[in-house]
Amino acid sequence: MNKRKLQKFDTLLGHLGRDTKAQRGSVNPPVYRASTILFDTLGEFEQARRDVLGKGRSSYVRYGTQTTFALEDALAALEGAYGAIAVPTGLAAIASTLVAFLARGGHALVADSVYQPTRRICDELLAGFGIETTYYDPLIGAGIAGLMRANTKLVFLESPGSLTFEVQDVPAIAAAAHAAGAVVVMDNTWATPLYFQPRRHGVDISIHSATKYIVGHADAMLGLVLSGEEHYRQVRRAAVLLGHAAAPDDVYLALRGLRTLSVRLDRHQANGLALARWLQTQPRVSRVLHPGLPDDPGHALWRRDFTGASGLFGVVLKPCPRAALAAMLDGLALFGMGVSWGGYESLILPCDPASIRTATAWEDPGPVLRIHAGLEDVGDLIADLEAGFARLESACGDANP
Ligand SMILES: Cc1ncc(COP(=O)(O)O)c(C=O)c1O
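(A) Local environment of the environment of Ala127. Mapped onto the fold, Ala127 is located in the loop between helix H5 (116–126) and strand E3 (132–136). Among the residues examined, Ala127 registers a relative accessible area of 40% and is labelled partly exposed. Along the backbone, Ala127 and His107 are 20 residues apart, and their C-alpha atoms lie at a distance of 9.8 Å.

Below is the structure:
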């Protein structure tokens with residue numbers, strides 16, 4: 001069957017990135033563990049060396065193996081990109097992209113809601129290289145035109161923000177950035193290619209922490225940068241210069257995770273929405289941060305641009321003593337406490353957006369919890385949280401703030 005004719009995500013996920021004949025009949029591509037690639041002739045060696053930044057494939061394993069290319073091709077096809085570049089982590093994907101387009105004297109506009117280590121690259125590394133960053137209100141929309149400068153080379157989005165879940169007006173921001181000649185980069189980890197198609201909304205370069213939903217099992221780390229042909233070599237050059245080579249076993253785990261991405265996301269979405277709706281009914285909850293909820297401020301934009309919601313969202317509690325929060329969190333049986341997300345398991349993480357932001361103020365006085373809805377039975381998850389709220393309530397006791 002001609003795989004190019006297969007259009008639907010669910011079908012593509014099962015067929016992209018594998019070539020049964022080349023794999024001698026086995027369903028999955030093999031894992032190539034290698035450092036050296038051997039050539040039979042000087043001509044073949046020279047040919048491979050001629051274009052190390054193109055998709056002409058490898059002269060050295062740091063540029064990838066057939067396993068890497070299988071994953072890169074699959075992801076590029078899913079997002080309608082010219083090419084994907086696999087690097088060891090999501091953060092390496094972010095760093096490679098920033099370094100690719102920014103140089104001394106350059107300026108970047110970065111959403112105030114962005115993943116905190118992205119900020120740290122800007123503030124602690126790029127600033128030292130003479131590159132300036134301005135953080136902007138994620139809800140700025142077309143108003144970002146007013147922040148563009150002659151030296152603004154890159155506009156960075158993350159929608160929704162993975163801590164506070166504001167939905168950005170991606171097409172409006174992209175249009176203003178392009179009018180000023182800046183490249184538009186978006187961290188698309190939350191939605192994956194299945195729920196948001198960056199290129200259809202004006203994004204030039206999308207980034208995934210494949211560590212999250214693509215790997216999907218909390219057992220590998222990987223990053224991906226996807227771009228059109230006009231930006232591909234520039235990103236590849238930065239990734240190569242920085243020495244990023246994705247580990248073959250991790251690449252394989254990402255390819256394997258990809259096969260079930262759609263069915264997993266269906267459940268993450270359903271569980272996340274069910275938990276979010278239930279949390280809205282809880283007296284200790286101040287508000288729930290989930291763009292899939294009709295009363296969420298980002299709902300209209302989310303409905304316009306996204307085709308689904310993954311399982312990551314936030315909840316703001318009413319102010320409570322730290323000991324009461326600890327009583328709630330310490331006793332949870334199913335929700336693990338830990339960073340990262342996107343695996344099959346449910347997670348809960350206290351976070352403090354107020355201490356991170358610089359362009360906008362975070363006004364909510366109560367604690368913020370980031371929740372990752374895993375694949376477990378949602379009734380069991382609710383029961384776990386319900387018992388947590390009971391502990392919170394009794395620890396608050398008469399000391400209710
Ligand atoms: C939105 C987002 N982008 C990027 C990253 C970085 O990915 P990695 O942990 O694979 O470096 C994370 C990690 O938590 C994230 O949440």
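Picking up after the structure, the text goes on.
(B) Broad picture of the packing of aromatic side chains. In the structure shown here, the tally under the stated rule is six aromatic pairs. With centroids separated by 5.6 Å and ring planes inclined at 70°, the aromatic side chains of Tyr213 and Trp341 adopt a geometry described as edge-to-face. Placement of the pair is Tyr213 in the loop between strand E6 (205–209) and strand E7 (223–227) and Trp341 in the loop between helix H12 (322–330) and strand E10 (347–351), with a sequence separation of 128 residues. This pair shows no difference in class: Tyr213 is buried, exactly as Trp341 is. A centroid spacing of 6.0 Å and a plane angle of 50° characterise the contact between Trp278 and Phe389, whose relative ring orientation is tilted. One end of the pair, Trp278, is in helix H10 (residues 261–280); the other, Phe389, is in helix H13 (residues 378–396), with 111 residues separating them in the sequence. We note Arg119 situated over the ring of Tyr135; from NZ or CZ to the ring centre the distance is 3.9 Å.

(C) Seen up close, the packing of helix H4 (residues 90–101) against helix H8 (residues 229–241). Put simply, H4 and H8 touch, their axes get as near as 8 Å, and they point 115° apart. The orientation of H4 with respect to H8, classified from their angle, is roughly perpendicular. Pair H4 / H8 crosses with right-handed handedness. Here Ser96, Thr97, Val99, Ala100 and Phe101 of H4 come into contact with H8, specifically with His231, Gln234, Val235, Ala238 and Ala239. For the contact of H4 with H8, the residue count by class is six nonpolar, four polar and no charged.

(D) Focus on the nonpolar core. Formed by 64 residues in total, the largest nonpolar core has its most connected members in Leu71, Val155, Trp190, Leu224 and Leu258. A domain split of this core shows at least three residues from each of domain 1 (3–258) and domain 2 (261–396). Apart from the residues within four sequence positions on either side, Trp190 is in contact with Pro160, Phe165, Tyr213, Pro291, Trp302, Phe306, Gly308, Ala309, Ser310, Leu312 and Trp341. The next biggest cluster of nonpolar side chains, apart from the first, holds 29 residues, and it includes Val87, Phe101, Leu102 and Val114.

(E) How the structure looks around the sheet that holds strand E1 (residues 83–87). Taken together, seven strands build an open sheet; the order of strands is E1-E7-E6-E5-E4-E2-E3 and the sheet is mixed. Each end of this open sheet is capped by a strand with a single partner; those strands are E1 and E3. Ignoring which end each strand starts from, the neighbouring axes of this sheet average 20° apart. The sheet strands contacting H4 are E1, strand E4 (152–158), strand E5 (183–187), E6 and E7, and the helix crosses E6 at an angle near 155°.

(F) Fine view of the domain arrangement of the chain. Examined at the domain level, the chain breaks down into domain 1 (3–258) and domain 2 (261–396). Placing a centre on the C-alpha atoms of domain 1 and another on those of domain 2 gives a separation of 28 Å. Residue-level contacts link 39 residues of domain 1 with 39 residues of domain 2. Surface buried jointly by domain 1 and domain 2 totals about 3,400 Å² across both partners, of which 63% is contributed by carbon and sulfur atoms. By the criterion of area lost to domain 2, the three top residues of domain 1 are Trp190, Tyr195 and Tyr213, representing 26% of everything that side buries. At the level of elements, helix H1 (9–15), H5, E3, helix H6 (170–179), helix H7 (192–195) and helix H9 (248–259) are the ones that each hand at least two residues to the side of domain 1 that touches domain 2. The greatest single-element share of the side of domain 1 that touches domain 2, amounting to three residues, is contributed by H7. Its residues assigned to classes, the side of domain 1 that touches domain 2 shows 19 nonpolar, 13 polar and seven charged.

(G) Expanded view of H5. For H5, the full list of buried residues reads Thr118, Arg119, Ile121, Cys122 and Leu126. Seen from one end, H5 has its buried residues packed into an arc of 155°, which puts them on one side. Buried residues along H5 sit against H4, strand E2 (107–111), E3 and E4.

(H) Structural context of the site of the ligand. In the neighbourhood of the ligand, 14 residues make up the surrounding shell, with Gly90, Asp187, Ser209, Thr211 and Lys212 lying closest. In the environment of the ligand, an oxygen atom lies 2.9 Å from a nitrogen or oxygen atom belonging to the side chain of Lys212. Within the contact set of the ligand, an oxygen atom lies 3.1 Å away from a side-chain nitrogen or oxygen of Trp341. Here the ligand, which alone exposes 390 Å², has 93% of that area covered by the protein. It is H4 that provides the largest number of residues to the shell around the ligand, a total of three residues. Grouping the constituent residues of the shell around the ligand by class yields five nonpolar, six polar and three charged.

(I) Examining the sheet that holds strand E8 (residues 285–289) more closely. In space, the four strands of this open sheet follow the order E8-E9-E11-E10, with antiparallel pairing throughout. Strands with a single pairing partner mark the edges of an open sheet, and in this sheet they are E8 and E10. On average, each strand axis in the sheet is inclined to that of its neighbour by 25°, with strand direction left out of account. For E10 and strand E11 (residues 368–372), the ladder comprises five bridges, and the chain directions are antiparallel.

(J) Layout of the pattern of salt bridges. Counted by the stated rule, this structure contains eleven salt bridges. For Glu72, the salt bridge goes to Arg236, with nearest N and O atoms at 3.5 Å. Of the two residues, Glu72 is situated in helix H3 (residues 66–79) and Arg236 in helix H8; the sequence distance between them amounts to 164 residues. Look at Arg236 and you get buried, because its relative accessible area is 4%. Put simply, Arg284 and Glu393 hold a salt bridge, and the shortest N to O gap is 3.1 Å. You can see Arg284 sitting in the loop between H10 and E8 and its partner Glu393 sitting in helix H13, a full 109 residues away along the chain. Judged by relative accessible area, which is 9%, Arg284 ranks as buried.

What counts, and at which threshold
Residues numbered from 1 in each chain as written. Predicted model: local features only at pLDDT ≥ 70, side-chain atom pairs only at ≥ 80, totals over all residues. Heavy atoms only, no water. Helix = DSSP H or I, 4+ residues; strand = E, 2+ residues; numbered from the N terminus. Buried < 20%, exposed > 50% of the residue type's maximum accessible area, 1.4 Å probe, protein only. Phe/Tyr/Trp six-rings, centres within 6.5 Å; stacked < 30°, edge-to-face > 60°. Lys NZ or Arg CZ within 6 Å of the ring centre and 35° of its normal. Axes fitted to C-alpha atoms, helices over the stretch in contact; angles between N-to-C directions. Parallel < 35°, antiparallel > 145°, perpendicular 65-115°, else oblique. Left-handed = near helix turned anticlockwise from the far one by under 90°. Contact = heavy atoms within 4.5 Å. Nonpolar A, V, L, I, M, F, W, Y, C, P; charged D, E, K, R; others polar. Core = buried A, V, L, I, M, F, W, Y, C linked by side-chain atoms within 4.5 Å. Domains from an automatic or database assignment. Pairing = 2+ DSSP bridges. Buried area = accessible area lost by both parts, 1.4 Å probe. Arc of directions from axis to C-beta. Near = heavy atom within 4 Å. Polar contact = N/O pair within 3.5 Å; in protein donor to acceptor, adjacent residues only side chain to side chain. Areas by Shrake-Rupley, 256 points an atom, 1.4 Å probe, with all protein chains shown as cover. Salt bridge = Lys/Arg side-chain N within 4 Å of Asp/Glu carboxyl O.

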